[in-house]
Amino acid sequence: MKKIIATYSLLTTWTLLGISVFAGSENWSDDYEAALKIAKSEKKLILADFSGSDWCYWCKKIDNEIFSQKEFVSAATNNFVLLLIDSPKNKLNLSEKARKENPALLKKYAIRYFPTVLILDSNGDIITEVPYQKDSVKSYLKKINEISALSKEDLSQLKKLQSDFTIIGKRLDAEQKKIEISFPDKKSRDKEFFLKVVPKYIAEYENMLAKITTSEKGPELKKFKKGLLEKLRRTIA
């Protein structure tokens, strides 16, 4: 009975704040500003799912197998506000507010592929990305709960690390565009990029990791650091 009352109270609160509750995705909001307000008032982080719900295979997979599961929603909402930023082909599936605001949010967070799942703080700043790697509900909950359990110090450092990673990515994009102009054929472009440019950025990122200190939650933070490094290597390899 207590769970029923608590759930009703939560849904009522979200409705009053203008948050849509999607069928099949219980407790997922499509209202960015309202999600920030709830995160601040309840002192939670935000789990933001950037999705293409009606066309993206992996988006459908993570939604069906994890995000729409009652076990996930029940556990995740203890520490997170769940936010869906959808980019479906059928825009009629979106609220009017989401239709207007979602394209700007894709640009704000430099979303390049779907699904992209980010953990944000209550100011909307990126703490880290949480990739989907054929996870189960249990394994994905473990990933996000390890982040929510980090100290404020470690969350701050993880946020800085993600910011540095984004900057490196933008610089890599800029260098790749220069190479595309300078080298007409693909073989020479790839040789220049992967043999000369990539190693430099991997070394730079590894130096960043070595300089960052951690508190008692250090082992968890180091694991996420290594995950970002592996992502960098996959992105540019």
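Everything that follows concerns the structure shown earlier in this document.
Owing to the predicted nature of the structure, the values given are computational and were not obtained by experimental measurement. (Residues numbered from 1 in each chain as written. Predicted model: local features only at pLDDT ≥ 70, side-chain atom pairs only at ≥ 80, totals over all residues. Heavy atoms only, no water.)

Undergrad: Before we move on, can you summarise the environment of R189 with the specific residues and values?
TA: Mapped onto the secondary structure, R189 falls in helix α8 (residues 186-211). What makes R189 partly exposed here is its relative accessible area of 22%. When the C-alpha positions of R189 and I179 are compared, they lie 6.1 Å apart, and in sequence the two are 10 residues distant. In this structure R189 touches I179, E180, F183 and P184, once residues within four positions along its chain are discounted. (Helix = DSSP H or I, 4+ residues; strand = E, 2+ residues; numbered from the N terminus. Buried < 20%, exposed > 50% of the residue type's maximum accessible area, 1.4 Å probe, protein only. Contact = heavy atoms within 4.5 Å.)

Undergrad: Lay out helix α6 (residues 137-148) with the relevant residues and their values.
TA: Relative to the 16 Å expected for 12 residues at 1.5 Å per residue, α6 spans 16 Å between its end C-alpha atoms, a close match to the ideal helical length. For α6, every residue scored as buried is listed here: V137, Y140, L141, K143, I144, E146 and I147. (Expected span 1.5 Å × (residues − 1).)

Undergrad: Please provide a residue-by-residue account of the environment of K60, values included.
TA: Mapped onto the elements of the fold, K60 is located in helix α3 (residues 57-67). In this structure the C-alpha to C-alpha distance between K60 and P115, which are 55 residues apart in sequence, comes to 9.0 Å. Once residues lying within four places of it in the same chain are set aside, the contact partners of K60 are S53, D54 and W55.

Undergrad: Residues and numbers for the packing of aromatic side chains, please.
TA: The tally for this structure, following the rule as stated, stands at 10 aromatic pairs. Judged by centre distance (4.9 Å) and plane angle (45°), the ring pair of W28 and F67 falls under tilted. Of this pair, W28 sits in strand β1 (residues 28-29) while F67 sits in helix α3; the two residues are 39 residues apart in sequence, bridging distant segments of the chain. An identical accessibility class is assigned to W28 and F67; each is buried. With a centroid separation of 6.3 Å and 65° between ring planes, the pair formed by Y32 and Y109 is classed as edge-to-face. (Phe/Tyr/Trp six-rings, centres within 6.5 Å; stacked < 30°, edge-to-face > 60°.)

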